[in-house]
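# Residue-level structural notes
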Amino acid sequence: MVPVELITGDDDEDAALLRRMAQDAEAYLRSFSWCKEVSGSFFGGGVGGIIAVFLFNIRPARPAVGSWIWIIVGDIPSAHFPLEDAASPAEVFKTYLGGMSKWVALAREGRSGTADDGIPPVNVNVPATAEWAEKLEQRLHSLPLIVQPFFDDAGESNQVN
């Protein structure tokens, strides 16, 4: 994990895409009334323009909200997770894939599901329809092949304690 200001990519284009994704992640986070202020942001891994995981330190507007929030953004519906739900960017990636696979199954039935169903809170701009389920399912199947190497399970340095 590195501070967002220190993001480097495979090349200049990748780095620029990742920096833009960091801005998108922060804008997504700030869209929630429970986020009063962003105190810090860290890049956990990803591929520019496809998917990236960030960890934000926030000043919450409500006591029930934790001060550390994972955000996942990219060419997929954005989602957020409290720090307690995942100890590393790799875990965020796996949790997201599992939850969104459940979302796909429910969306085929016209339902969006809730956290109780194992569905992560996703961007509200994604309707729970069979059409979106099909598009997302195709994307979810390709993501592990494309980005799994950027979320190293063995890397203890990526784990947040």
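Quick note: structure is the one above.
In short, a report on the structure. Fair warning: this is a prediction, and the values are worked out from it, not measured in the lab.

With 18 residues, helix 3 (residues 130-147) should cover 26 Å at 1.5 Å per step; its first-to-last C-alpha distance of 26 Å lies within 8% of that length. Where helix 3 bends most, at His-141, the angle is about 25°, and the proline Pro-144 comes one to four residues later. Looking at helix 3, one finds that the buried residues are Ala-133, Leu-136, Arg-139, Leu-140, Leu-143 and Val-147. Where the residues of helix 3 are buried, they touch strand 2 (35-47), strand 3 (51-60) and helix 2 (89-107).

Membership of the largest hydrophobic core comes to 29 residues, with the highest contact counts inside it found for Ile-51, Ile-72, Tyr-96, Trp-103, Leu-140 and Leu-143. Going through the elements one at a time, strand 3, strand 4 (68-74), strand 5 (79-82), helix 2 and helix 3 are the ones with two or more residues in this core. Of the residues forming this core, the biggest block, 9 residues, is contributed by helix 2. Formed by 20 residues, the second largest nonpolar core is a distinct cluster that contains Leu-18, Tyr-28, Leu-29 and Ile-58.

Together, Asp-10, Asp-11, Asp-12 and Glu-13 make up a negatively charged patch on the protein surface. Mapped onto the elements of the fold, Asp-12 is located in helix 1 (residues 12-30).

Attention now goes to the environment of Pro-77. Mapped onto the fold, Pro-77 is located in the loop between strand 4 and strand 5. On a C-alpha basis, the gap between Pro-77 and Ile-51 in space is 9.8 Å, while along the polypeptide they are 26 residues apart. Filtering out sequence-adjacent residues up to four positions away, Pro-77 remains in contact with Ile-72, Tyr-96, Met-100, Val-122, Val-126 and Leu-136.

What follows is about the sheet that holds strand 2. Spatial ordering of the open sheet is given by 1-2-3-4-5, a layout of 5 strands whose pairing is antiparallel. Looking along the sheet, the strands with just one partner apiece sit at the ends: strand 1 (2-3) and strand 5. Relative to strand 4, strand 3 runs antiparallel, the two being bridged by 7 bridges. Counted as the bridge partner of Ile-51 is Gly-74 from strand 4. With respect to the sheet, helix 1 is in contact with strand 2, strand 3, strand 4 and strand 5, its orientation differing from that of strand 3 by roughly 40°.

On the secondary structure map, Gly-48 appears in the loop between strand 2 and strand 3. For Gly-48, a relative accessible area of 11% corresponds to the buried category. Sequence separation between Gly-48 and Asp-11 is 37 residues, and the spatial gap between their C-alpha atoms is 10.0 Å. Excluding residues within four positions of it along the chain, Gly-48 makes contact with Asp-14, Leu-17, Leu-18 and Met-21.

Conventions adopted
- Residues numbered from 1 in each chain as written.
- Predicted model: local features only at pLDDT ≥ 70, side-chain atom pairs only at ≥ 80, totals over all residues.
- Heavy atoms only, no water.
- Helix = DSSP H or I, 4+ residues; strand = E, 2+ residues; numbered from the N terminus.
- Expected span 1.5 Å × (residues − 1).
- Bend = angle between axes of the 7 residues up to and from the residue.
- Buried < 20%, exposed > 50% of the residue type's maximum accessible area, 1.4 Å probe, protein only.
- Contact = heavy atoms within 4.5 Å.
- Core = buried A, V, L, I, M, F, W, Y, C linked by side-chain atoms within 4.5 Å.
- Patch = residues over 30% accessible without salt bridge, like charges linked within 9 Å, V, L, I, M, F, W, Y side chains within 5 Å.
- Areas by Shrake-Rupley, 256 points an atom, 1.4 Å probe, with all protein chains shown as cover.
- Salt bridge = Lys/Arg side-chain N within 4 Å of Asp/Glu carboxyl O.
- Lys, Arg positive; Asp, Glu negative; His and termini not counted.
- Charge placed at Lys NZ, Arg CZ, Asp CG, Glu CD.
- Pairing = 2+ DSSP bridges.
- Axes fitted to C-alpha atoms, helices over the stretch in contact; angles between N-to-C directions.

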